[in-house]
Amino acid sequence: MNMTNADKKARLEDFFGPNLGYLIDQFERYKQDPASVEHDLGLFFEGMNEADFSTFVPKVPDSLQSRPAQYEKIIAAAKLAENIRTYGHLAANIYPLGNHKPDISHLEFESYGLSEEDLTKLPAAILSRNGLSAHQTALEAYNYLKEIYTKAIAYEFDHVHDVKEKNWLLERIEGRQFHSPLSRDKKLTILKRLFEVEGFEKYLHKTFVGQKRFSIEGLDIMVPLIDEIISGAVLDGAEYINIGMAHRGRLNVLAHVLGKPYEMIFAEFQHAPNKELVPSEGSIGINFGWTGDVKYHLGLNRQLTADNSGRVKVTLANNPSHLEFVGAVVEGFSRAAQDDRKKPGYPIENFKSALSILIHGDAAFPGEGIVAETLNLSRLRGYRTGGTIHIIANNTIGFTTESEDSRSTRYASDLAKGYEIPILHVNADDPEACIAAAMLAAEYRSVFHKDFLIDLVGYRRFGHNEMDEPMTTSPQMYTLVQKHPTVKEIYSTSLKQEGIVTEEQLTDIQNEILQKLEAANSKVTMLKKKEEEELKIPEPPKFNKEQALITTKVPLETLKRINSELLQWPDDFNVFNKLEKILNRRADMLDETGKVDWALAETLAFATILADGTPIRISGQDTERGTFAQRNLVLHDSKTGGTFVPLHHFSDAKGSFAVYNSPLTEAAVVGFDYGYHVFSPETLVIWEAQYGDFANAAQVMFDQFIAAGRAKWGQKSGIVLLLPHGYEGQGPEHSSARLERFLQSAAEKNWTVVNLTSAAQYFHLLRRQAAMLTREEIRPLVIMAPKSLLRNPLVSSSARDLSEGEFRAVIEHFAASREDAKVERVVLCSGKIAIDIAEQLKEANGFEWLQVIRLEEIYPFPTEELTTLFSKFNNIKEVLWVQEEPKNMGAWNFVEPRIREIVSTGIKVDYIGRRRRSSPAEGDPNVHKLVQSKILHMALTRVEEGGN
């Protein structure tokens, strides 16, 4: 250690508790024999004397210093203090029902060989230097620490390894810097909020008997707790607050945190029209989807004006029944709000501008793997949001399953320890402790830009929903619940005893709230009587052909200039020599005789989109380089390891370009990128699967959010999904992106599904998607992306295809050389199998009887284009759909009825491909080649020449 004595003295300030005791012991050993301590410690102690050291070590009476047995008391006392901090949560009063026995075994000083007399003789500073100025002895400090760590807030932060964070937490907790007494007005505000929360739930229970609402009761304080977190975030500069939560308490949060009018909520219970109930400003309910959703899935946006601050937008994300998946979406919201995408380069992050609040279920937090996936994003460059405040809405039960059957950990929150997230367990029946927890969480996030978790421990007053009878499955717990007063009643009694409120005032508060609820319900009832028409489901908006009018071509000279700039890097930047040769081949691809491959077409699409002022975000596993080493958007200096992104530096760039290698995660990253685009619809957001097969690990995101989000919630998205798909003999899990699943969910023009066969098609499609981002017609784009085709010459395009072409939903293989009257068979196909067929036809003659049509856009199905093509062929006898996927997979089941509607009666429509299978592909590459060749042979052989 090359440290000055001043440095050493400063370093000593970091030692406390048992570490301090250990240091004292080692210093004493060093004084007697320098060789008796480890080398590094010897160097640390070198040049120091007792006077230097004692500045930071608590003064111990001489009588104890001179007796080794008594010196052990110092070590024991320090260990006792540390164990109070570490294990105090086991004895804390955090369970409102009192149905957990406290464990005080770690907190009894007798277990450490100490007595009251021992502690009386020791100074308080041995146990702590935080907040103990009023305490003289270790016994006083012991009682003080024991009180702090075993009351209504229990602390777990021993797993936080950063010394600065840990010391900061110790100062705040032991110095009571966040838990100061609340003012009279603050207490009354909290009390009134609790009256509103409980009054709302009881009114719903009485008025809409038997209807599900997933009541908040038992965790009523969650609403004031969220209020406090939002207040702290706004004071810290937040402009956006994004909240994700499941059903429990959602209606109450909508009503009281986001200010959704009672009238709108009551209208949803009564199935009444609510368009007249939407105020001109403020809350606007999102229940105008095509099919709609149940009321406890709906979200809301609202502008709030906070005290002494500007306006803040609060968003509660729409959430389906897959409880925890919305967390990743909300993180995407916040990152989109934090990123400044106006300038070239990576977006500039501003953590203070947006905060995520995620409310979890106590069974779901440890039970749903998406939680760990999302937590893992928290400090990654491409996904961090500067700290999320997590709240576990802890009922101590999940549906009918109690904790001992739903998790293997002591607490629902234990998963968070692996990510070094500080945890507070707080009793939901102690409002002031809950508010203190919220204040600490907001301050910690502001200082360290890291996640914080509040385990709000309460109960559930009714069953999982209001039609369940919990006594049938949890009789012991619900015997306690039925006898237990509500938090409103508990806090009312407390404030009456303090003389802050009278019984008359409590009655007035309750009556005022009840009158407001009844007035709102009366208004809805009157509207319903006035308009007794049959409930009509809103129709999807009519999509027109505007996308066909979008010009996606780019002048050739512009493409050449951009390409030239993208092949330049700093003189002192060392591109790996093999890669440099590969990249330099792109210099000639735009020449008259050149061919643009898939990777260059993509890069040029990105560059021209950026030149149009549209920012881009692309992420996925190995996306910077590309799974198949094709992309190389981020160059690495072969000597220094530094990076250079050409798309950040070309002269036409007008927006940010963010490319990130994601963690080995599908669901959370898809959800994050979907949320990013929903929040910043002007950004082209792309998620790429390493292999398309892996997309099935994100199936919930596709099913519940991307495919149906607009129909359910009116939530538009233009996210692009790149799913490498194609059969190359690599077996299951490396062949199929499960095209059939995307087509099965295709309806109401909810997304575009394509399987492309040329680089130019990809270029124009990306540019079309970017140009449509802010239009009503925008929808997600699902691309069955290539693998081996990335470098296939038949997929490459001429420069003129980019500069003069456009996207085509349907492509004829024999475009100009057919005599239409001679065509007897039309082969329809899509994607890689079309290129396999093209390779078979490359040198062949005598196929006048055949036309091959590539279906580039499968959904929306190009009915008009195909109808026009088929009208040319007056003598066709058969139409064959050819695919490489098994018959029960791929596009066949989707296209068959649509093809039959187009072709004339009497024309045979048939299938060529693999038979029905449970697994998507053969595992043996030789078997794959054999089957593939058979498919091609059948597709290209006339019936009279050998049959099919």
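Residues numbered from 1 in each chain as written. Predicted model: local features only at pLDDT ≥ 70, side-chain atom pairs only at ≥ 80, totals over all residues. Heavy atoms only, no water.

Q: Please clarify how the sheet that holds strand S27 (residues 908-914) should be interpreted in this entry.
A: Each strand in a sheet pairs with another by means of backbone hydrogen bonds, the pair being arranged parallel or else antiparallel. If you walk across this open sheet you meet the five strands as S22-S24-S23-S26-S27, and the pairing is mixed. Where the open sheet ends on each side, the last strands, each with one partner, are strand S22 (810-812) and S27. Neighbour to neighbour, the strand axes of the sheet diverge by 25 degrees on average, direction disregarded. As judged from the three bridges shared by S22 and strand S24 (residues 850-855), these two strands associate in the antiparallel manner. Each residue of the ladder has a partner; that of Val810, found in S24, is Leu855. Most of the contacts of helix H32 (residues 863-870) go to S22, to which it runs at about 25 degrees, and overall it touches S22, strand S23 (825-829), S24 and strand S26 (878-886). (Pairing = 2+ DSSP bridges. Helix = DSSP H or I, 4+ residues; strand = E, 2+ residues; numbered from the N terminus. Axes fitted to C-alpha atoms, helices over the stretch in contact; angles between N-to-C directions. Contact = heavy atoms within 4.5 Å.)

Q: How should I be thinking about empty space enclosed by the protein in this particular structure?
A: Counted by the stated rule, this structure contains 12 cavities of 30 Å³ or more. Its residues assigned to classes, the lining of the largest cavity shows nine nonpolar, three polar and two charged. (1 Å grid on protein atoms, 1.4 Å probe; cavity = no way out; pocket = protein on both sides within 12 Å on 5 of 7 lines; lining within 4 Å. Points joined across faces, edges and corners; volume = space filled by probe spheres on them. Nonpolar A, V, L, I, M, F, W, Y, C, P; charged D, E, K, R; others polar.)

Q: What exactly am I supposed to notice about the packing of helix H10 (residues 184-207) against helix H11 (residues 222-235) here?
A: Between two packed helices, the angle of one axis relative to the other and the distance separating the axes together describe the packing. H11 packs onto H10 with a crossing angle of 130 degrees between their chain directions and a minimal axis gap of 9 Å. With respect to their mutual orientation, H10 and H11 come out oblique. Crossing handedness for the pair H10 and H11: right-handed. Listed contacts from H11 to Lys186, Arg193, Leu194 and Val197 of H10 are Val223, Pro224, Asp227 and Glu228. Its residues assigned to classes, the contact of H10 with H11 comprises four nonpolar, no polar and four charged. (Parallel < 35°, antiparallel > 145°, perpendicular 65-115°, else oblique. Left-handed = near helix turned anticlockwise from the far one by under 90°.)

Q: Got a minute to help me understand unusual backbone geometry in this structure?
A: Where the residue is not glycine, phi is negative for most of them; where a peptide bond is considered, it is trans in most cases. The amide bond that connects Tyr859 to the next residue, Pro860, takes the cis arrangement and shows omega of -5 degrees. Note on placement: Pro860 falls in the loop between strand S25 (857-859) and H32. The phi torsion at Phe399 lies on the positive side, around 60 degrees, for a residue other than glycine. Looking at the element boundaries, Phe399 is found in the loop between strand S10 (397-398) and strand S11 (401-402).

Q: Looking at this structure, I do not really get the packing of aromatic side chains. What am I missing?
A: Any two aromatic rings considered together are summarised by their centre-to-centre distance and by the angle between their planes. Under the counting rule described, the total for this entry stands at 29 aromatic pairs. Taking 5.1 Å as the distance between ring centres and 45 degrees as the angle between the ring planes, the aromatic pair formed by Tyr444 and Phe448 counts as tilted. Taken together, the positions of Tyr444 and Phe448, both in helix H18 (residues 431-448) and four residues apart, correspond to about one turn of that helix. The interplanar angle of 50 degrees and the centroid separation of 5.8 Å between the aromatic rings of Phe573 and Phe644 together place this pair among those described as tilted. Highlighted residues: Phe573 in the loop between helix H22 (556-566) and helix H23 (577-584) and Phe644 in strand S16 (residues 643-644), separated in sequence by 71 residues. (Phe/Tyr/Trp six-rings, centres within 6.5 Å; stacked < 30°, edge-to-face > 60°.)

Q: What is the right way to read the packing of helix H9 (residues 163-174) against H18 from this model?
A: Between H9 and H18, the least distance of the axes is 12 Å, while the angle of their chain directions is 150 degrees. Judged by the angle between their axes, H9 and H18 are roughly antiparallel. Like other packed secondary-structure pairs, H9 and H18 cross with a definite hand, here right-handed. On the side of H9, the interface is formed by Lys164, Glu165, Trp168, Leu169, Arg172 and Ile173, while H18 contributes Leu440, Glu443, Tyr444, Val447 and Phe448.

Purely geometric stuff here, so don't read any function into it on its own.
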